[in-house]
Structure formats: C-alpha cells, structure tokens
Amino acid sequence: MQITGGAGFVGSHLTDKLMMDGHEVTVVDNFFTGRKRNVEHWIGHENFELINHDVVEPLYIEEFCPLSVLMKPLFILCCLFEMALLLSDGFVEKFWMRGSCVMTLSPAQLREHLVYQGRRVYGSGSQTRAFQYVSDLVNGLVALMNSNVSSPVNLGNPEEHTILEFAQLIKNLVGSGSEIQFLSEAQDDPQKRKPDIRKAKMMLAWEPVVPLEEGLNKAIHYFRKELEYQANNQYIPKPKPARIKKGRTRHN
Ligand SMILES: NC(=O)c1ccc[n+]([C@@H]2O[C@H](COP(=O)([O-])OP(=O)(O)OC[C@H]3O[C@@H](n4cnc5c(N)ncnc54)[C@H](O)[C@@H]3O)[C@@H](O)[C@H]2O)c1
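An unreviewed UniProt entry lists the chain under the name UDP-glucuronate decarboxylase, from Leptonychotes weddellii. Per UniProt, the chain carries the Subcellular location (unreviewed entry) text "Golgi apparatus, Golgi stack membrane". Here the chain is described in UniProt, under the heading Pathway (unreviewed entry), as follows: "Nucleotide-sugar biosynthesis; UDP-alpha-D-xylose biosynthesis; UDP-alpha-D-xylose from UDP-alpha-D-glucuronate: step 1/1."

Laid out in structure tokens, this is it:
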C-alpha cells in the first residue's frame, strides 16, 4: 500500500496501523510538513519503504503506474492544494475522495496550550468544533479501504463543543492556572463544525469510540514528550575557533 503524506500526522498513524496489521507499506513524502522521525521506527523493516519525493512530480516506480494503482489501496494525505493538481490525473480521483472530509484533534491548538499555557481564544469562543482522536480516524480509513464504497464519506466525531469549552477543558487537564485571553475574532472563522457521519455508520459500520477527555489526555502526553524532545535536541552551533591570518605572528 502506498501512503502519500505518510510522514505527516494522520499518515504516520495510518502507517503504524497498517504495519502492525502486517501489510507492506510504502510511504511517499517530501517532508514539507511531515517528519522522518514520525516513521523512522519502521526503517529497516522488510515490509516498509520510505521514498522522499514531491508528488507534484511523476514518480516512476512499478507500484505507481496507473494500472497497478487501481488495484492497490492508495492513501493520499498530503495537502489539498497539491491534490487539486493531482486530480487532473483522473485515476487518482477515487482514492482522493476516499480520504476526504477528515477532522482530527487539532495538534496546533493543543501545542499552543502546552507552550503558551492555554490562554488564547479568538472571538467569544462560541464557535463550535468537533474533535476526533486520530486512532478513530485511522480505523475509519481502514474500514473505508476494506469496503466497496467509492463516494465521499465523512469520518469525524459529531460530538460538538464550543472552542471556549474546549479551551477550559484543556486548561484543566494541563493543570494551567493562567486565565484564558480573548483575542479579536479571526476572519472567515467557521461558526459551526459538526460532521454528519450517518453514511459512515450505515455503510462502514464505523463510528468514533475514543471519548474527548481520553483523547486529549493521550495527546497532551504526546505533546509533553514532543516538547521535551525538542528542548533536548536543539541545534546549538559550536563557537568557531579564532582565525589567525597567514604570515602574521600573533602577539598576546
Ligand atoms: N490533522 C487534522 O486535524 C486535519 C483535519 C482536517 C483535514 N485534515 C487533512 O488531512 C490531511 C493530512 O493531515 P495531517 O494533519 O496529517 O497533515 P500533515 O501536514 O501532518 O501531513 C501531510 C503530509 O503530506 C506531506 N506532503 C505535503 N505535500 C507533499 C508533496 N507535494 N509530496 C509529498 N508529500 C507531501 C507532508 O510532508 C506531510 O508529511 C491533509 O490534507 C489535511 O488537510 C487534517
């Protein structure tokens, strides 16, 4: 199976799941936002291959010729803009539609809460979002892959919360004592987000099972470790030795 964008957030979790289930997995990624570190634990495994490639350019490997692609499951998880370019190759369309409309727990927002102690809410915070833990999404993608469905399917968690509720919950879970700061409303911020997953329930017998608080605790744990890793792996340039010009005697 090929996972384009497999070194990203969703893609690397999908890679883990498929590898654990015993599949052969090829990750194609240009590391634009993804990281080798997300999948490096599989490097050297006989079922795993990592290809550093920008999918805007053609990729000439056997598995990617159009005919074999039609027979093999293909996950495309790189950004929407580039997918628009890829869509001009009609054969990719079916696979693109399969991966569309995903919503996951927002890493950016969680990270902000851990780094800046959860103080920022744009507008009144009454806008709603519906967050899904990444393992639910991955299970949904696998269910979609194993089904005959080839039309778009929403994979998300319909449990809707306001951003303010979400901010307060994270603040409590992180144990932050700081006050929430209200910033001016972001332009074009959607006021409501709630996926309709009736089709996924009916056609895939799938629905999310990880409760919000449990998912948040796992994500907080992940981001704490991530921040620790970043703090311990900062690049600090070594001071350069003083240069002495040739032919000159140095007097101290
Ligand atoms: N994470 C979320 O909350 C969320 C919510 C809704 C939709 N989505 C969508 O799901 C998809 C995956 O999201 P994510 O959070 O894993 O994003 P991500 O940025 O972590 O992963 C995208 C991956 O695609 C790779 N990539 C980008 N352009 C590429 C190119 N030209 N060639 C090869 N690889 C390329 C990146 O390096 C990265 O590894 C995206 O389309 C995103 O818009 C994500």
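Next comes the rest of the write-up.
Caption draft 1: Local environment of the overall build of the chain. Each helix and strand counted, the chain has nine helices and eight strands in total. In the chain, which comprises 252 residues, the share counted as buried stands at 42%. Considering only contacts within the chain whose residues lie at least 6 apart along the sequence, 75% involve residues at least 24 apart. Accessible surface computed for the chain: about 15,400 Å², of which carbon and sulfur atoms make up 52%.

Caption draft 2: Structural view of helix H1 (residues 9-20). Under the 1.5 Å per step criterion, the end-to-end length of H1 is 17 Å for twelve residues, consistent within 8% with the ideal 16 Å. Taken residue by residue, H1 has Val10, Gly11, Ser12, Leu14, Thr15, Leu18 and Met19 as its buried positions. Gly22 lies just past H1 and shows a positive phi near 90°.

Caption draft 3: Representation of the packing of aromatic side chains within the structure. Tallied over the entire structure, the rule returns two aromatic pairs. On the basis of an interplanar angle of 20° and a centroid distance of 4.2 Å, the ring pair of Phe131 and Phe166 is categorised as stacked. Remark: Phe166 occurs in helix H7 (residues 163-174) and Phe131 occurs in the loop between strand E6 (128-129) and helix H6 (134-145); sequence separation between them is 35 residues. Take Phe131: its relative accessible area is 9%, and that puts it in the buried class.

Thresholds applied
- Residues numbered from 1 in each chain as written.
- Predicted model: local features only at pLDDT ≥ 70, side-chain atom pairs only at ≥ 80, totals over all residues.
- Heavy atoms only, no water.
- UniProt positions renumbered as here; feature names shortened; annotations may be inferred.
- Helix = DSSP H or I, 4+ residues; strand = E, 2+ residues; numbered from the N terminus.
- Buried < 20%, exposed > 50% of the residue type's maximum accessible area, 1.4 Å probe, protein only.
- Contact = heavy atoms within 4.5 Å.
- Areas by Shrake-Rupley, 256 points an atom, 1.4 Å probe, with all protein chains shown as cover.
- Expected span 1.5 Å × (residues − 1).
- Phe/Tyr/Trp six-rings, centres within 6.5 Å; stacked < 30°, edge-to-face > 60°.

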